[in-house]
Every structure is written in structure tokens, then in C-alpha cells.
Amino acid sequence: MIGSLNFSALWPWWPDLVAGLWVTVKLTVLATVGGVALGIVGAALRSGKPGWASRLWGIYVELIRNTPFVVQLFFIVFGLPHLGVRMTAGEAALVAMLINLGAYSTEIIRAGIQVTPKGQWEAGRVLGLSRSQIFFRVVLPPSLKRIYPALVSQCIIVMLGSSVVSQVSYEELTFAAGLIQSRTFLSFEVYFVTTALYLALSIAMRQCLLAIGRKWFGEQY
Amino acid sequence: MATFTDWDIVRNLLLALRWTVLLSLTAFCGGTLVTLPLLLVRLSRRRWPQRLLRAYIELFQGTPLLMQLFLAFFGVALFGIDVSPWTAASLALTLYTSAFLLDIGYGSVRALPKGQWEAARCLGLSFGQTLYRVVAPQALRIAIAPTVGFAVQVIKGTALASIIGFVELTKAGTILNNVTLQPFKVFGLVALGYFLLCYPLSRYSQYLERKFNAADHH
């Protein structure tokens, strides 16, 4: 019954929750930086001349965007060892998050690049810049500025999705919560507190990323 | 131990796919039903309900769906109600869906020019009439592309119900993997199942987006 909720019994367990939270934060930072870098590479490929690399990347994006994260994770953890690819739970979690964010951010960044006027490319060429110079110095910065809020949301979605990697025994926040639940049987209390921690993390992450955006792109966020 | 042929694996996965589809439909229809009255409240000018709904959206969009499933599972049990994974999964997914649909719906209504409301008032239409005859038809047109796109997220979200013990496609895959020890094949097929459900929807959503955007630019 509701009256029997016992939050105070959770006090002795806070070091475990904090340790789990820290793992989640580290995983998120790595996945965000790597995933967005992957997205930039993908967007460069996808917005160039359509060749086999661009098509292959398109297939990767569609595969990732149309299958659940859990299934991708299970595929990496259980399926890939059959091909001789072995990873620890942490590595598998990071790889799964990277390929996930890589696929989504490719599409987001590409959307930003698509609305760049063609004249930008032509002007860059007239100035004697190479293709990659035009892409990284002329086209990419305003595109990133345009799609930055969407990219921030996607990074947060990937962070929240990371709670699933507890299923392959990686010791992040949700795994810590499950451990405490099995020791104390305070199921609702533990997951309530954990949910609050995720909410705090998602709000903090949005504020941080938007502050970085303000620093890089000016005051608009 | 009984041997599983490839056909057995496929057959079992197809049987489980029904539950994925059913859970997705439940979440989507339930989510729509919850959203509509909430949207009316969100559109009213009162400040308090607005803030509450903002918090509701923030809560469901800012926490992992897995946590929402756990909380539904253990939360309903607190009331002494024996809760099945099916109940918990439909409850959590319905609320999750409604939080996103609420955002899509509100955004679509706000995207309409203010003049539409004013013109309706000049014509002497009531709030209800304006909403039903002027605003809703136009807002629906704007909302349909993102809604179809979000349906893909709902279908993928149902995969998490496997974690609280609901036997749908992903759970069936885990069980089959334990029996057959052919994870590459099993999870490949599971992924294919989701892809076949989601890809047509993604393409349709992209098509709608292009179509409506093109119409706007005339």
C-alpha cells in the first residue's frame, strides 16, 4: 500500500546509485562526442555525390533507425561473438550507443546541410577551397548552428536509452538500481529515485549542451 | 532436447510479432485517447493546468522508458492490484505516447496563423466550433507526418516491454536464443521483424513531410 513506502531505507545505498550515475555520465559523454563525430562523417558522405559509400551509409542509417536499441544491443552482445567479435559489456554498450547516435545525427546534420544555399559551395570553389575545406569551414558551421537544438535532443534520447545496457550486465545507473532492488525489495522506491536521477541528468545535460551552444553559436539558444 | 528448425524459429517469432503489433496499437490508441482531453486543457488559457501539463511532458520525455515501465509495474502493485506485464506495459506505453502526442498536437495547433482564431471569432463561432471546424482540420494536416514518424518510436519502444517479462518479439528472440544457441540468426530475424514494421511507416512519414512542405511553399 502507498502508506508503506519507505524511502529512508534507501539511504545506505546512495554510494551505489552515485557510482552507477557516474558510469552513465561517462558512457554518455563518450557516446555523444563519438556519435556526433560519426554523424558529421556520415552527413559529409551522404551529401556528396551519390556513390556506393553514400548508399551503404544510407542503409546503415535506415537499419538503425527502424530497429529497437535493445535488439541492436542483443545482436552486438550475443550475435557478434559468433563472428569472432568479442567485447566486454561496457564496450558493447558504447558501440551500440555510438552506432545509434551516429545514424540519427547523420540524418539531423544532413537536414541542416540540405538547406544550405548552393551559392555557398560555388563561392567556396571560386575562392579556391578544396571540397573538404568548403564542407568543414563554409557549409558545416551554419548547418550545425541551425540543427543544434535537434541534435541536443537526440543526444539526450541516447543517454536515456542507455538505461537498457543494464540488461547485458553493464554496471550503470539502472543496473545499480536493479541490484539495490534485489537486496532491499523496495522496488517502487528504488526506481522512483532512479527515475528522478535520470530526470535531473537529462535537465542538466540539456542546460550544459545549450550553454555550449550559446558559447559557440551566439545567444539564440 | 527438441531440435528447432529454421522454420520453427520463424514461426515462433511471427507468433510473437502479433503481440508487438497489438501492444503498439494499444499504446497508440490509448495514447491518442489520453491526449485529446489533455490537449484541450493545454489549449485553454489557464496557467496552472498548463504548467502541470508541461511537467507531465517533461517527466515522460526526460526519463527512460524502461524506468517508466518499471514504475508502472511496481507502482500499480502498490495498490494491491495483481499486475500483469501486459497491463503495466500498456499503461506505461500509453502515458509515454500521450506525452509525445501532446507535444505534437500542441505544436501543430500553435503553428496555425493566429488570424484563423480571430477570423472565427469575427464570424461569431464559439471556442468549440472554432476548434472543431476551423483549427482541427488544419492542425491534423500538420500533425500527421510527425505522428506517423512517432509511431515508429512506439513500435521500437514496445521492445522494452520484454524486460518486464511481456512476451513480444524481443522476448521471444531471447527465449529462442536460449534454446537454439543461434543468436546471430535469431536476433537478425528479430531485427528484420521490427524493420519490416517500421520502415514502411518511416518512408510514409517522410513522404507526407515532403508533400505537405511542398504544398506550404506555393
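Residues numbered from 1 in each chain as written. Chains lettered and ligands numbered in written order. Predicted model: local features only at pLDDT ≥ 70, side-chain atom pairs only at ≥ 80, totals over all residues. Heavy atoms only, no water.

Per an unreviewed UniProt entry, chain B goes by Polar amino acid transport system permease protein and derives from Paramixta manurensis. The UniProt entry for chain B carries the following comment under Sequence similarities (unreviewed entry): "Belongs to the binding-protein-dependent transport system permease family. HisMQ subfamily." (UniProt positions renumbered as here; feature names shortened; annotations may be inferred.)

In the nomenclature of an unreviewed UniProt entry, chain A is known as Polar amino acid transport system permease protein of Paramixta manurensis.

(A) Quick peek at the interface of chain B and chain A. Chain B puts 37 residues into the contact, and the matching count from chain A is 37 residues. Interface area for chain B against chain A, summed over the two sides, is near 3200 Å², with a carbon-plus-sulfur share of 77%. Area buried by chain B at its contact with chain A is led by Leu71, Leu78 and Phe184 of chain B, which between them contribute 20% of it. The tally of links from chain B across to chain A stands at 0 salt bridges. Between chain B and chain A we count 4 residue pairs in polar contact (both at pLDDT 80 or more) in total. Secondary structure elements with two or more residues in the side of chain B that touches chain A: helix H2 (47-61), helix H3 (65-78), helix H6 (127-157), helix H7 (169-180) and helix H8 (183-216) of chain B. Looking at which element gives the most residues to the side of chain B that touches chain A, the answer is H8 of chain B, with 12 residues. (Contact = heavy atoms within 4.5 Å. Buried area = accessible area lost by both parts, 1.4 Å probe. Salt bridge = Lys/Arg side-chain N within 4 Å of Asp/Glu carboxyl O. Polar contact = N/O pair within 3.5 Å; in protein donor to acceptor, adjacent residues only side chain to side chain. Helix = DSSP H or I, 4+ residues; strand = E, 2+ residues; numbered from the N terminus.)

(B) The arrangement of the packing of helix H1 (residues 6-43) of chain B against H2 of chain B in detail. Residues and elements named next belong to chain B. Contact geometry for H1 and H2: axes closest at 9 Å, N-to-C directions at 135°. Classified by the angle their axes make, H1 and H2 are oblique. Residue-level inspection shows Val34, Leu38, Val41 and Arg42 of H1 in contact with H2, the latter providing Pro49, Gln50, Leu53, Arg54, Tyr56 and Ile57. Across the contact of H1 with H2, the residue classes tally to 7 nonpolar, 1 polar and 2 charged. (Axes fitted to C-alpha atoms, helices over the stretch in contact; angles between N-to-C directions. Parallel < 35°, antiparallel > 145°, perpendicular 65-115°, else oblique. Nonpolar A, V, L, I, M, F, W, Y, C, P; charged D, E, K, R; others polar.)

(C) Here's a closer look at the pattern of salt bridges. Summed over the entire model, instances satisfying the criterion amount to 4 salt bridges over all chains. Linking arginine 110 of chain A and glutamate 107 of chain A is a salt bridge whose minimum nitrogen-to-oxygen distance equals 3.5 Å. Taken together, the positions of arginine 110 of chain A and glutamate 107 of chain A, both in helix H4 (residues 89-114) and 3 residues apart, correspond to about one turn of that helix. Across this residue pair, the class does not change: arginine 110 of chain A and glutamate 107 of chain A are buried. Its salt-bridge partner being arginine 11 of chain B, residue aspartate 8 of chain B comes within 3.3 Å of it at the nearest N-O pair. Note that aspartate 8 of chain B and arginine 11 of chain B are positioned in helix H1 at a spacing of 3 residues, about one turn of the helix. Accessibility expressed as a relative area gives 36% for arginine 11 of chain B, which makes it partly exposed. (Buried < 20%, exposed > 50% of the residue type's maximum accessible area, 1.4 Å probe, protein only.)

(D) Seen up close, the UniProt feature "domain: ABC transmembrane type-1" (unreviewed entry) in chain B. According to UniProt, the feature "domain: ABC transmembrane type-1" (unreviewed entry) maps to residues 17-205 of chain B in the numbering used here. For residues 17-205 of chain B, the helix share is 83%, the strand share is 0%, and the end-to-end C-alpha distance is 22 Å.

(E) How the structure looks around the environment of threonine 184 of chain A. Residue and element names in this part refer to chain A. When you line up the elements, threonine 184 lands in helix H7 (residues 173-184). Classification of threonine 184 as partly exposed rests on a relative accessible area of 22%. Taking C-alpha positions, threonine 184 is 34 Å from threonine 32, a pair spaced 152 residues apart along the chain.

(F) Examining unusual backbone geometry more closely. The backbone of phenylalanine 185 of chain A sits at a positive phi, close to 65°, despite the residue not being glycine. Tracing the sequence through the fold places phenylalanine 185 of chain A in the loop between H7 and helix H8 (187-217). Under the relative-accessibility criterion, phenylalanine 185 of chain A is labelled exposed at 68%. We note that leucine 181 of chain B has phi near 55°; this positive angle belongs to a residue other than glycine. Note on leucine 181 of chain B: relative accessible area 61%, which makes it exposed.

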